[in-house]
Amino acid sequence: MAPLQRSSARKRLNNDSSGVNPSPSKKNRHVEQSDTDVMLAVMAEAGCTLCSREGPVLTPVEFHNLQRRLEIRFQSEPALVNKFLAGLSSYIQDPANLKRILICTSDSAATDILSYSESIARLLLLVAPLQTQFYDILLEKLPEHFDEDSVSWKQDIPRLLLNQFRWLDFLVDGEASTRKLLDVLSICPLSLKKEIIGFLPDIIGNQSNGMVVSSLEQMLQEDLDLIVPILDAFSNLSLEDELSEQAVTIALSSLRSVAAEYLPLVLKFLIQSATTANSKRIVEQIRENLHFFALSDTRASRDKKLKGKLNADNAEALILEAMRSGLRFQNLLCETILKDIKALDRECDHKVIDILLLLILCANGGPLRKSAEKVIHKKARDGYFGENLLRQCIEGRRESLQVYFQDLLSISASLLTCKELAIRKFGIHAYVLVFEEFIGNFHRQEVLGLLVTHTGSGVSYEVDSALDTLVLLATKHSRELVPVSSYITGILDYLEGFQDEQLHKVYRIFSQLAITVWSTTNSCSSSIANELLIVVRKQISNPDPRYRRMGIIGAVKLVASLGEAKIATTLSSSSGSVEKASSEEALSLLQMVVESCKSLPLARGFFYDELAALIGYTELHPSVIEWISKHTGEFESLFLLDLESGHLQVDPGPCGGLQGEIWMNLDGEVSPICLNILPLVTSYLQRSSQALQFLPANFYLLAVVEQLTNKGSLGSIDALLGCPLYLPKYQLLFGDAWKSLAKGQKHIICLSLYYGISWIRELINAFSTQIADQMESMTQFTREETAAKLLKRMRNLLFLESLLNMCLKSSPLFLPQLHSLTDSSGPAENSEHHQLKNTPMKKRGRKSKATSFGSASEMAKSQSTSSKSSQDINSSGRLKQQTISDVLKNVTTGPSQQSSQQSRGFPATSDKQLGTGGEEEKARNNDEHELIDISVFPEQLEMQRFKFRPLVLSCLSILSLSQESKASCCADPAAELPVHLYLIRDFCYKLDCMDCPRKQFPAMLSTVCKAPSGLKNMSLIEFLKKVQGLFPSLRRHLDCAVNLLKEDCKGYQQHWMAESLQSGNPQTTAVIASSSLTAESVFKEILCCVRKMLSFDDLSTPSNVPTLKELLEAFRSSDAANDLCSVHPCPSVGTIEYCFCSAYAFIDGLFDTARATSYLVASELIMTLRTLANCAEAYVKKISENKRRRSSVGGIARFVPILHKRLSASARKLLEHNWDIDGQGKTWTSKGDVLQQVLHIYIEYSESPIDCLEELACRIMPQMPAGKSRSGQDSVPDFPTLSSSTFIIWYRVQHEEILIILNKVIQEITTFHKSKAAVNEENVEKLLSIARQCVNVVVSLVNLTKVHDKVSIHAMAVKYGGKFVDSFLKGFEFLKIRYDAHKSSIIMLVKELQKATRTIQTLCSEAKGFKRTVVTSKIPAVKRSMERYLFCVKALLHSTSHGNSFWMGNLKHKDLQGREVSSQLHVSEEEEDEPLNDQNEVAESAADDDDDDNDENNHGQGLEELND
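So, how was this worked out
- Residues numbered from 1 in each chain as written.
- Predicted model: local features only at pLDDT ≥ 70, side-chain atom pairs only at ≥ 80, totals over all residues.
- Heavy atoms only, no water.
- Helix = DSSP H or I, 4+ residues; strand = E, 2+ residues; numbered from the N terminus.
- Buried < 20%, exposed > 50% of the residue type's maximum accessible area, 1.4 Å probe, protein only.
- Contact = heavy atoms within 4.5 Å.
- Areas by Shrake-Rupley, 256 points an atom, 1.4 Å probe, with all protein chains shown as cover.
- Phe/Tyr/Trp six-rings, centres within 6.5 Å; stacked < 30°, edge-to-face > 60°.
- Lys NZ or Arg CZ within 6 Å of the ring centre and 35° of its normal.
- Expected span 1.5 Å × (residues − 1).
- Bend = angle between axes of the 7 residues up to and from the residue.
- Core = buried A, V, L, I, M, F, W, Y, C linked by side-chain atoms within 4.5 Å.
- Arc of directions from axis to C-beta.
- Pairing = 2+ DSSP bridges.
- Axes fitted to C-alpha atoms, helices over the stretch in contact; angles between N-to-C directions.
- pLDDT = per-residue confidence, 0-100.

### Comments concerning the overall build of the protein
(1) Moving on: Across its full length, the protein holds 70 helices and 11 strands.
(2) Moving on: The buried share of the protein, taken over its 1508 residues, is 56%.
(3) Moving on: Within the protein, contacts between residues separated by at least 24 positions form 77% of all contacts whose residues are at least 6 apart in sequence.
(4) Moving on: Total accessible area on the protein is roughly 64100 Å²; 51% of this is exposed by carbon and sulfur atoms.

### Remarks on the packing of aromatic side chains
(1) Moving on: Evaluated as defined, the whole model comprises 25 aromatic pairs.
(2) Moving on: Geometrically, the ring pair formed by Tyr754 and Phe948 is edge-to-face, given 5.1 Å between the ring centres and 90° between the ring planes. With Tyr754 in helix 40 (residues 743-772) and Phe948 in the loop between helix 48 (939-942) and helix 49 (977-999), the pair connects residues that are 194 residues apart, well separated along the chain. By the burial criterion, Tyr754 is buried, and Phe948 matches it.
(3) Moving on: Among the aromatic residues, those joined into a cluster by ring pairs are Phe607, Tyr608, Phe635, Phe639, Phe694, Phe699 and Trp759.
(4) Moving on: Over the face of the ring belonging to Phe435 we find Arg444, whose NZ or CZ atom lies 4.4 Å from the ring centre.
(5) Moving on: Over the aromatic face of Phe1146 sits the side chain of Arg1035, whose NZ or CZ is 3.8 Å from the ring centroid.

### Some remarks on helix 11 (residues 190-203)
(1) Moving on: Here helix 11 spans 19 Å end to end across 14 residues, near enough to the 20 Å set by a 1.5 Å rise per residue.
(2) Moving on: Roughly 30° is the biggest bend found in helix 11, and it falls at Ile197, with proline Pro201 one to four residues downstream.
(3) Moving on: When helix 11 is considered as a whole, its buried residues turn out to be Leu192, Lys193, Ile196, Ile197, Phe199, Leu200, Pro201 and Ile203.
(4) Moving on: Contacts from the buried residues of helix 11 go to helix 8 (128-141), helix 9 (157-165), helix 10 (174-185), helix 12 (209-222) and helix 13 (227-236).

### Section: the nonpolar core
Looking at soluble globular proteins, one finds that nonpolar side chains tend to be buried together.
(1) Moving on: Core analysis: the biggest nonpolar cluster contains 443 residues, and Met323, Leu720, Trp759 and Leu803 have the highest contact counts within it.
(2) Moving on: When near neighbours in sequence (up to four residues on either side) are disregarded, Leu803 contacts Trp663, Tyr730, Leu733, Phe734, Leu753, Ile932 and Val1071.

### Observations regarding helix 10
(1) Moving on: Here helix 10 spans 16 Å end to end across 12 residues, near enough to the 16 Å set by a 1.5 Å rise per residue.
(2) Moving on: Three or more residues of helix 10 are buried, namely Gly174, Ser177, Thr178, Leu181, Leu182, Val184 and Leu185. For helix 10, the arc enclosing every buried residue in end-on projection is 160°, short of the 170-degree limit, so these residues lie on one face.
(3) Moving on: For helix 10, the elements touching its buried residues are helix 8, helix 11 and helix 12.

### Focus on the sheet that holds strand 5 (residues 660-663)
(1) Moving on: The strand order across the open sheet formed by 5 strands is 4-3-6-7-5, and the pairing between neighbours is mixed. This sheet does not close on itself; its edge strands, each paired only once, are strand 4 (647-648) and strand 5.
(2) Moving on: Examined bridge by bridge, strand 3 (residues 640-644) and strand 4 share 2 bridges and lie antiparallel to one another. Bridged to Leu643 within strand 4 is Leu648.
(3) Moving on: Contacting strand 5, strand 6 (673-676) and strand 7 (725-728), helix 40 crosses the sheet at an angle of about 155° to strand 7.

### Here we look at the confidence of the model for the protein
(1) Moving on: For the protein, mean pLDDT is 76; residues scoring 70 or higher make up 75% of the total.
(2) Moving on: Taking the mean pLDDT of every element in the protein, the minimum, 33, falls on helix 45 (residues 870-891) and the maximum, 93, on helix 23 (residues 405-416).
(3) Moving on: Taken together, the stretch residues 822-852 has pLDDT below 50 and engages in 62 contacts with residues farther than four places along the chain or on a different chain.
(4) Moving on: In this model, residues 963-967 is a region of pLDDT below 50 whose contacts with residues beyond four sequence positions or in other chains number 11 contacts.

### Quick notes on the pairing of strand 7
(1) Moving on: In terms of strand pairing, strand 5 meets strand 7 through 4 bridges, oriented antiparallel. Across the sheet, Gly660 pairs through a bridge with Pro728, a residue of strand 7.
(2) Moving on: By the bridge criterion, 2 bridges tie strand 6 to strand 7 in an arrangement that is parallel. Paired with Leu675 across the two strands is Leu725, which belongs to strand 7.

### Some thoughts on unusual backbone geometry
(1) Moving on: With a phi close to 55°, Met664 is a non-glycine residue in the positive phi region.
(2) Moving on: Mapped onto the secondary structure, Met664 falls in the loop between strand 5 and strand 6.
(3) Moving on: Its relative accessible area of 1% is what places Met664 among the buried residues.
(4) Moving on: You will see that Lys1411, though not glycine, has its phi angle at about 55°, which is positive.
(5) Moving on: On the secondary structure map, Lys1411 appears in the loop between helix 67 (1383-1410) and helix 68 (1413-1416).
(6) Moving on: We classify Lys1411 as exposed; its relative accessible area is 70%.

Printed below as a string of structure tokens:
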């Protein structure tokens, strides 16, 4: 049937052909028919019948047979190929015939899924002899059908043609076929071109990939719309590394100019193509070229509903999603992103894409989430991520960042929990921007819920930041916050745990919301304001002092909102009645607070302080100012008495049996008033007795109101500055008069002096602003007169404090608290609670009421019965003060421990200071003419310094009063040193308060011990700028003190007495001022202030360099040319290195004077020099991080080693000084910490620390005898500070320093070991030499235990010896590698260390025998270390083929002196395997046979022997 069918088919085909293609030329027709007939005949013989255009193509079922027959035919007849192709070309000229060979060959393919059928064209392409030419024929047909529009795929000739080339089994000439295809591709229309490019991986072979990549790159340069199919083709091609890099380069080049809709695919391709070689380049190009759209403000464009914005949002969302999905499993690229962003060190280099990339990494989770958060924290801390950059990242991208909302909240929460202020500020901006951008109720509720959670964390800085965020939201978006305000009412649950500043923020939030509601006409929302008013009223009327305190703060904040001038104007514009109602409401709140606090002096004082602070930062409505001014008018009637010609018009007579007199009248007979103190103190049962407790706060409010109404001038109340005080007669404080007084009368005198001191301090606070601020309204004469009176008041203050300190020694008394603020340390009543927690319950309840916002009459009753309960007060006072003192002794360290405690208000005192009143009184009775030195630190008074109101920062301006001006009443500048000393101590305390967050004191200490500083949450930068003008004054006072120490001023005492009399102090010889003690204290305190300022980390940052330079310039050497002559090269004048070197030379030049003064002053000078050197080093480090200023680093960096060398030399001089000659060597127990730091400085900053240690350990320390020598001296001649009492300090310091040096050596050894570069043998030999010196030092220190038998020495030897062995073992791998090259050095190193380990073994054994628990607690860890050491040595020798150098044997039981002792316990066989048993000590490495007889001193499991 087949031949018949083929014959009939051939006839039909001929008939059809002749009918379809008539030819005008008979000859041409004959040729065409001949070629077509040949083609048809060949196909028919192979088994394929081409029917008419309407009929199907008939092929056998075995399609591969047809292919095989054709291939055999053409291989046997090569000449037939051209005729066949010519006939086929003629045949497909007809579109119908072309379509027939392109579609499936049988209809069965459409009905039978299991059948396999392909087109004739594909069949012919799989015939090797035909493929190349037929490939070209088909491609040439493609342009003829570019313009055809087909409905179905069967009619689409171009796509049918392309389908034939896909997935061919082979290509005969792949390059030629690919070249032809690319040529046709270049002229294709865009739509077809995209399809062909997408098909390329299915068409071409791998050998043509290079040609395809180059051609596609050229096409992409011509038309960027081809980016998607080209990258898709690159992804599907099997490219080699070089071509893959070329494809990545093509994609990267398109980032800058490609359309936004194509960016997701480009990014996805780049992320998928990332490798180790190109990941860094990909990240850099993405960061450089991926610019997010600069969208308009989202709130402004929401109403416009711009389509372009929506398209941009969609594009950005797709871009972020592409990066998120691509990076999810690309850890390599994620790590590169983190590394590159972390390496950026300039603010201008950081972009929006950086924050978005980090956000994506956080959203993907996994181990890199924490790393990304750390990078965000670091950038925020360094200031590289700021508010503007974050705003560009979030604002206007609500749709794009919708998926990342929870991740944004998580990052913001982590930022807010950090300790660093800069990071928390960044977190605040993040929360605010998220709240602004995501306007849905759900989103805003989530934000507010998290913020409320932060406020309940209990962490002070986290609570502060959360409240700051809410304050910003309430200020900027109060109307948006009102609908969701119910979600922040949870803050009210945490009010009891909030500090004052936090309470201010809470009530500011709710007050802002209340005033927002008040200004609207929406009656449904008015409940917020009403509820707040109800809460505040309830708190004010609550008898609990805590809630009353909250109510006062809330009321004042409401007054600030209701009575603010701007808000009142806004309310009046909407409704005049609303303005009137708000003012009336503010006044009613004020009146209610006043009525509530009438009988509570401390609460009333707190209210006055709050009002004064309110006036300082808020412009209030005139009606509110008028009410406050009228209320302060009662000051005169409460506290002042009238004078006439310097005498009282009405003599009050004896008060409590005490005669009074006028003290300290600066204005003489012209003074019209007098401060009434004594009568008010003695009026126990009268209401006026409460007034003295709020006297300072009342005057502070009066002064603030006067400054507000008189443009900053206090001229209308300047009579108060010079008015006298009515106090008990001065004669009652001494001799028989004092002895004859009852205890209650003595307490009255103490309280009178206390209130007088507080009054003068408040006067100084108020009027110091007149000289600190250069006001135009003040004349020069008035300013100088005010300055002179301030100096006199400072002398009055010193005089009164000395008297009060003397009285408190003999008659201890708990002074009433005059303030309820302790800065940020918590409410003052908490500190009072801590002070009395050890008192009996009966006394505690009564006292707690009198110390907070309780009734003053109750406190007066307790004072009236003080004689009855004096014993209880004394005992409670002793317990209270000793507890604080003990805690501070344990916490406070430093060269000036005593001064540090003094500056905080709590000196280092003895155990019986407050409770030894009887002894002090007896001493005073025996010596009626006891001298009181005002320069001596008032220890008794300082114990209760936290109850005083603080001196404000403007008081320090008194330090700058020129001695040549009329303000100074004496030509001798030294006579003013006691006044300056008082202010310098306060300055030192303020520096401690600024440094307190860095020291991280425990919460209990900050609540109990910290007195208010008067800084009012001032930042460090603000503080340094305000005190910058004091630097020259500190230098001037330092020079004055040094000169006074060098040349004793004989007229000093007379000058001070003259100044004191001129200041109105009573004439007496009992109060003196010691010139040497005053000068010494000024010297020491100024050095302490300089040290603390230089220790601030922020001072060395580039932004604060002007302040640092000003400080160094103030203390530069006056003869810098000679002082710096030894420095080579000499720094240029005016440079920062010149300032450092000159300041160092000046302070170092004072060393001889300091050493001749006292050990504490000399050690404080050494600490100051160290801080100065460290500041220079920190400056170098911070400047070197900035590439733009790196060129300036070299200058100062060259001088840092010079400063270190001179510092070590100065420390050695201090250690070599014989303090016993000066009588100061008997108190080493209180100076141990100072000596320890000086010794650390000497070793650490020496030119060669290891040589210094070797000298000390091997030569100096052995000279120290175990007991006193025959001459009676127990110190070393070269170092007198090394004595029996300080030996343990020297011993511990040397152990610590040798561990530091060894760890540095191990670190260098590890670096060499990991380095692939060739190691210099000289460096190896140097490291081994240092290690040998370290071993020598440890051996010498451990062997000292044979002479010194103190248990503490033995414990240190065991502890630090074990640590040394642990560190030594870290370098054993390096020793193994270098053993062959340095065999002798390594063996000697191990053998030398064995001497120390044997002694440690003996110490452990003896400690067990004598049950020395101090030593035995350290034995297990040490034994494990030495056991590891044993087996590491064994492994080292065996691995280096020197196993015969090692052997093990039993050790003899010997004591520290090497004498054999018998074993006290019999060891059974079962116990011999226990490694930590007394009879089974860890084996030690041993020396050779000769060393065994001399050095074996312990028994154990075995002995390792090293033979040379």
